[in-house]
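# Residue-level structure breakdown
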Amino acid sequence: MKKKSSFIKLALLTGCLMQAVMAKAQVLTLDDCVMMAMMSNKQIRATEHMMKEYEHTQKSVYANFFPNISLTASDFYSTIQGKSVMDIASPIGAYAGQQVQNMLPLVVNEALERQISQNVAQYVRPLNPDVGFKVKNVMSANVTLEQPVYAGGKISTANRMGKLGVKIASEVHELSREQIIVDVHEAYQLLVKAKEMEVVAHKYDSLLTQVEHDVQSAVKHGMASHNEEMKVAVKKADAELKIRQAENGVRLARMNLCQLIGKPLDSMIEPVLPEDDEFIGPIDKDASVMNRTEYQLLELNSQLAQEKVRMEKSAYMPQLGVMMNAGVIDGMELLDSKLFRHKFNMTVGAVLKMPLFHANETRHKVAAAKEALYQEQIRQQELADKMNLDLQRHANEVDEARLELQLRKRNLDRCEENLRVSRSAYTVGMETLSELLVAQVLWQEAYAELVESRYQTKVKMMKWRKAAGKL
């Protein structure tokens, strides 16, 4: 009774431990892993900030279409003061000389007029007053409005370049997102493959365990030799090694997936194993690289190079702008009274700038921008050809992988049937142990090849979708 009670307690404890392990493990679907990777990936976050940077840059360029209004205020105090003699004698003398000539035009000539003016000025000069001035506190406030009217297309071109920058940043973000999707798919399928390889290893070990039990029973009853028992033991050791390799493969694949989705490397996550082979439809033979993100980036770069040519050409054009300034000034004393008492002033003006000559600097800049445009167009054509070759290569790999998957399935069916027949023949003594072990090895290899083929087909299909711009 005590032994039975101990066994029951041990069984309950084992069950509790298994439930705890299963509860600790987190089952994640492929979509869950993709979402977690998007949220945790640093490259994705960096490209999101880059998109916002280009958006703000474009808006700052767009602001140049609107007037620039600024306020300037100042208040300063100066101890500068002094006196200055106001010359009233010279105007009085000149006026007196002119009046005398008007009254006596026949008597007073120009020389005599100048003499009279000088004499009168000399007589009046002692009456010139002293004018005192002080700066003291001076306050001023000005509102300035500046509005470009025509800048040779520079502002509109810069605005278009800003919009292209936003699109380029968006495509870079999309490229990072696509790469994350491909990497997570590959890592997830690798974990699924490792788990299936672990299942294959355990099934192979179970088959050998059953054969080992039968051989040991036959040796015990004198129906088999110890040599056959040793053959099974060698295969059994090989199966145990395969189990350990499969377990290590699962552990490494799980850590790789954890690193991609931003979870601790020791997290217990489990994939959703497919119940059967997922259907992989035919590829689109009319797929074009024009939908591919990399191609869109090349197209945007070519457009940006064209805008740079227009930007350099705008330096040839005249630039016209208007401005208005309105302000108030208060301060300064003259003859013990304020010279400016909240004096309002306003200025309106226009500025026209026309480039004439600078040693053909602008012409050479335009030529250099055109050469950069030609380089970008050649690069676009070259990379487009390479993308088409890459698309065809991935299409061929998917076609070959799909055919290989079909062949591996048929091969596994044959090996399962061969194993069933071989085991039945061995049971009735019509086949040797070595032949049975060979049949088991063939079954194990066929099963492993099917798992590998299934993994390669899914990964290659995902890479073709990326190359065709269908993610």
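## Describing the overall build of the protein chain
Counting its regular elements, the protein chain contains 10 helices and 6 strands. Expressed as a percentage of its 471 residues, the buried residues of the protein chain come to 33%. Accessible area of the protein chain: about 30000 Å², with a carbon and sulfur share of 58%.

## What to know about the nonpolar core
Ranked by internal contacts, the top residues of the largest apolar core, which has 24 residues, are Cys33, Val184, Leu257 and Ile261. Going through the elements one at a time, helix H2 (30-40), helix H6 (154-220) and helix H7 (226-261) are the ones with two or more residues in this core. With 9 residues, H6 is the single largest residue contributor to this core. Apart from residues no more than four positions distant in its own chain, Val184 is found in contact with Leu30, Cys33, Val34, Ala37, Leu257 and Leu260. Membership of the second largest hydrophobic core comes to 23 residues, among which are Val215, Ala239, Leu405 and Trp443.

## Quick look at the pattern of salt bridges
Inspection of the entire model under this criterion finds 23 salt bridges. One salt bridge in this structure joins Asp399 and Arg402, with 3.7 Å as the shortest N-O distance. In this pair, Asp399 and Arg402 both sit in helix H9 (residues 361-427), 3 residues apart, roughly one turn of the helix. Owing to a relative accessible area of 44%, Asp399 belongs among the partly exposed residues under this scheme.

## Notes on the side chain of Ser267
Assignment of secondary structure puts Ser267 in the loop between H7 and strand S4 (269-271). According to the relative accessible area criterion, Ser267 is buried, its value standing at 13%. A polar contact is formed between the side chain of Ser267 and the backbone oxygen of Pro264, at a distance of 2.8 Å. Setting aside anything within four residues of it in sequence, one finds Ser267 in contact with Arg254 and Cys258.

## What about the state of the cysteines?
Within the structure shown, the criterion is met by 0 disulfides. Cys33 supplies the cysteine sulfur nearest to Cys258, a cysteine that is in no disulfide, at a spacing of 8.5 Å. Taking the relative accessible area as the measure of exposure, Cys258 reaches 0% and is therefore buried.

## Let's talk about helix H8 (residues 293-313)
Here H8 is 21 residues long and its end C-alpha atoms lie 31 Å apart, about the 30 Å a rise of 1.5 Å per residue gives. Here H8 has its buried residues at Thr293, Glu294, Tyr295, Leu297, Leu298, Leu300, Ser302, Leu304, Ala305, Glu307 and Val309. On its buried side, H8 packs onto H6, H9 and helix H10 (433-467).

## What about the environment of Pro148?
Along the chain, the position of Pro148 falls in strand S3 (residues 130-150). Given the relative accessible area of 33%, Pro148 is considered partly exposed. Distance in space between the C-alpha atoms of Pro148 and Met323 is 8.6 Å, their sequence separation being 175 residues. For Pro148, the contacting residues outside a window of four places in its chain are Asn64, Ile155, Leu320 and Gly321.

Definitions and limits used
- Residues numbered from 1 in each chain as written.
- Predicted model: local features only at pLDDT ≥ 70, side-chain atom pairs only at ≥ 80, totals over all residues.
- Heavy atoms only, no water.
- Helix = DSSP H or I, 4+ residues; strand = E, 2+ residues; numbered from the N terminus.
- Buried < 20%, exposed > 50% of the residue type's maximum accessible area, 1.4 Å probe, protein only.
- Areas by Shrake-Rupley, 256 points an atom, 1.4 Å probe, with all protein chains shown as cover.
- Core = buried A, V, L, I, M, F, W, Y, C linked by side-chain atoms within 4.5 Å.
- Contact = heavy atoms within 4.5 Å.
- Salt bridge = Lys/Arg side-chain N within 4 Å of Asp/Glu carboxyl O.
- Polar contact = N/O pair within 3.5 Å; in protein donor to acceptor, adjacent residues only side chain to side chain.
- Disulfide = S-S within 2.5 Å.
- Expected span 1.5 Å × (residues − 1).

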